[in-house]
Amino acid sequence: MVNAILLGIFAIGALYPIIYIFSMSISSGAAVTQGRVFLLPVDIDFSAYGRVLNDRLFWTSYANTIFYTVFGVITSLLFIVPGAYALSKPRIRGRRVFGFIIAFTMWFNAGMIPFFLNMRDLGLLDSRLGILIGFAANAFNIILMRNYFESISPSFEEAARMDGANDLQILWKVYIPLAKPALATITLLCAISRWNGYFWAMVLLRAEEKIPLQVYLKKTIVDLNVNEEFAGALLTNSYSMETVVGAIIVMSIIPVIIVYPVVQKYFTKGVMLGGVKE
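Per chain, residues are indexed from 1 in the order of the written sequence. In view of the model being predicted, local features appear only for residues whose pLDDT reaches at least 70, and side-chain atom pairs are presented and counted only at 80 or more, with totals across whole chains, interfaces and linings using the full set of residues. By convention in this description, side-chain values take in all heavy atoms of the structure and omit both hydrogens and water.

1. Brief notes about the overall build of the protein
When you go through the protein residue by residue, the secondary structure sums to 15 helices and zero strands. Buried residues are those whose accessible area, probed at 1.4 Å on protein chains only, stays under 20% of the maximum for their type, while exposed residues exceed 50% and partly exposed ones sit between those limits. Here the protein holds 278 residues, and 38% of them are scored as buried. In what follows, residue pairs with any heavy atoms lying within 4.5 Å of each other are defined as contacts. Considering only intrachain contacts with a sequence separation of at least 6, the fraction spanning at least 24 residues in the protein is 72%. Helix numbers and strand numbers start at the N terminus; a helix is a DSSP run of H or I with at least 4 residues, a strand a run of E with at least 2.

And the structure:
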């Protein structure tokens, strides 16, 4: 009974912000500005969605976010999976040293300015390629994947080698099929990180046609604060800055809400199996 009550409280706490943001996005600007929206929408008005959906930059940034997410996940997996496979093999000389170096980056790094200067010297400023490869490898994901590979019985590899398979074939045909839960977990973690990427995209990208959705949201907030046309719209009670921001947030989380239930069943299993060595 206590567990059910606690879970109910946590569920309400998790759902309330989503319901509130949606209600705010479809309420009138006056109702939101006056603080009359608490849970359900007040004076339903879809003007905020009209403003967002008619903005060309919104669709450009949405497409950019999908691009960074899809190809960013693929790039990350191309770095993480082979690296984790190599680190999981005792025969690799110095693997513990490399593992320590990778784990070390979870607590210590060069800092923002050296990273920015490094990206600049590599010619990756204002570049989509910089966003894709600059954040491809994550120490936690590599360690998680390595631990999962280590939990797989060596007998699978031995059998494959007896059939004449090399390391690449063993990885592709043996380990990856056996590691679907861990791969689903890594994919989800990478996808969420890419989808929510904001700070470095704002710092590294200059051209409007390259910015992701999160940077567009920040730009919209700034523009609405100084836009005289927006002030006129507010006087007509059609929408406010808050309703426009709410509409953008709702539009941005729709893909996450659709995809997460599909991979959620693998998530817990992947973390548990990859985080504990047998």
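2. Structural notes on the nonpolar core
Most often, soluble globular proteins have nonpolar side chains that are buried together. Side-chain atoms within 4.5 Å link the members of a nonpolar core, which is a set of buried Ala, Val, Leu, Ile, Met, Phe, Trp, Tyr and Cys residues. Phe-58 and Tyr-216 are the most contacted members of the largest nonpolar core, which totals 35 residues. When residues of this core are traced back to their parent elements, those giving at least two are helix 1 (2-25), helix 2 (29-33), helix 3 (47-53), helix 4 (56-87), helix 7 (128-134), helix 12 (199-204), helix 13 (213-226) and helix 15 (241-275). The contacts of Tyr-216, once residues within four sequence positions are left out, are Arg-51, Asp-55, Leu-57, Phe-58, Ser-61, Ile-211 and Ile-248. In this structure, Tyr-148, Leu-171, Val-174 and Ile-186 belong to the second largest nonpolar core, which totals 23 residues.

3. Regarding the side chain of Ser-76
By the element assignment, Ser-76 lies in helix 4. Any pair of N or O atoms that falls within 3.5 Å is considered a polar contact. Within protein, one atom must be able to donate a hydrogen and the other to accept it, and sequence-neighbouring residues count only if both atoms are side-chain atoms. Within the local environment of Ser-76, its side chain forms a polar contact with the side chain of Arg-194, the two groups lying 3.5 Å apart. Among residues more than four places away in sequence, those in contact with Ser-76 are Phe-135, Ala-136, Cys-190 and Arg-194.

4. Concerning the side chain of Arg-146
Inspection of the secondary structure assignment puts Arg-146 in helix 8 (residues 139-151). The convention is simple: Lys and Arg are positive, Asp and Glu are negative, and His and the chain ends are not counted. Salt-bridge detection follows one rule: a side-chain nitrogen of Lys or Arg within 4 Å of a carboxyl oxygen of Asp or Glu. Despite its burial, Arg-146 pairs with no opposite charge, the nearest such side chain being Glu-150 at 4.1 Å. Those residues in contact with Arg-146 that lie beyond four places of it in its chain are Ala-84, Leu-87 and Ser-88.

5. Things to note about helix 5 (residues 95-104)
Taken together, the buried positions of helix 5 are Arg-95, Gly-99 and Ala-103. Looking down the long axis of helix 5, one finds its buried residues gathered within 70 degrees of arc, a one-sided arrangement. Among the exposed residues of helix 5, those oriented more than 90 degrees off its buried face are Val-97 and Phe-100. Where helix 5 is buried, its residues touch helix 4 and helix 8. The directions considered for the arc are those from the helix axis to the C-beta atoms.

6. Things to note about the packing of helix 4 against helix 11 (residues 180-195)
Interaxial distance between helix 4 and helix 11 falls to 9 Å at its minimum, and their mutual angle equals 140 degrees. In terms of orientation, helix 4 and helix 11 fall into the oblique class. In the packing of helix 4 onto helix 11, the handedness of the crossing is right-handed. Judged by residue contacts, Tyr-62, Thr-65, Ile-66, Tyr-68, Thr-69, Gly-72, Val-73, Ser-76, Leu-77, Ile-80 and Val-81 of helix 4 engage Leu-183, Ile-186, Thr-187, Cys-190, Ala-191, Arg-194 and Trp-195 from helix 11. Basically, the charged four are Asp, Glu, Lys and Arg, the nonpolar ten are Ala, Val, Leu, Ile, Met, Phe, Trp, Tyr, Cys and Pro, and anything else, Gly included, counts as polar. For the contact of helix 4 with helix 11, the residue count by class is twelve nonpolar, five polar and one charged. Think of each axis as a best-fit line through the C-alpha atoms, taken over the contacting stretch in the case of a helix, with angles from 0 to 180 degrees between the N-to-C directions. Roughly parallel means an angle under 35 degrees; roughly antiparallel means over 145; roughly perpendicular covers 65 to 115; every other angle is labelled oblique. Each crossing gets its hand from how the near helix is turned against the far one by less than a right angle, where anticlockwise is left-handed and clockwise is right-handed.

7. What to know about the packing of aromatic side chains
For Phe, Tyr and Trp, rings pair up if their centres lie within 6.5 Å, where Trp contributes its six-membered ring, and each pair is then called stacked (planes under 30 degrees apart), edge-to-face (over 60) or tilted (otherwise). Applying the stated criterion across every chain, the model contains 18 aromatic pairs. On the numbers, 5.9 Å between centres and 75 degrees between planes, the contact of Tyr-62 with Trp-195 is edge-to-face. Of this pair, Tyr-62 sits in helix 4 while Trp-195 is found in helix 11, placing the two residues 133 residues apart along the sequence. You can call Trp-195 buried: its relative accessible area is 7%.

8. With respect to the confidence of the model for the protein
Mean pLDDT for the protein: 84, with 89% of residues reaching 70 or above. Per-residue pLDDT stays below 50 along residues 274-278; that stretch engages in nine contacts with residues further than four places along the chain or on separate chains. A residue's pLDDT is simply how confident the predictor is in it, with values from 0 to 100.

9. Observations concerning the environment of Ala-86
Positionally, Ala-86 belongs in helix 4. Taking relative accessible area as the criterion, Ala-86 reaches 33% and is therefore assigned partly exposed. Through-space distance from the C-alpha of Ala-86 to that of Phe-149 is 9.6 Å; in sequence the pair is 63 residues apart.

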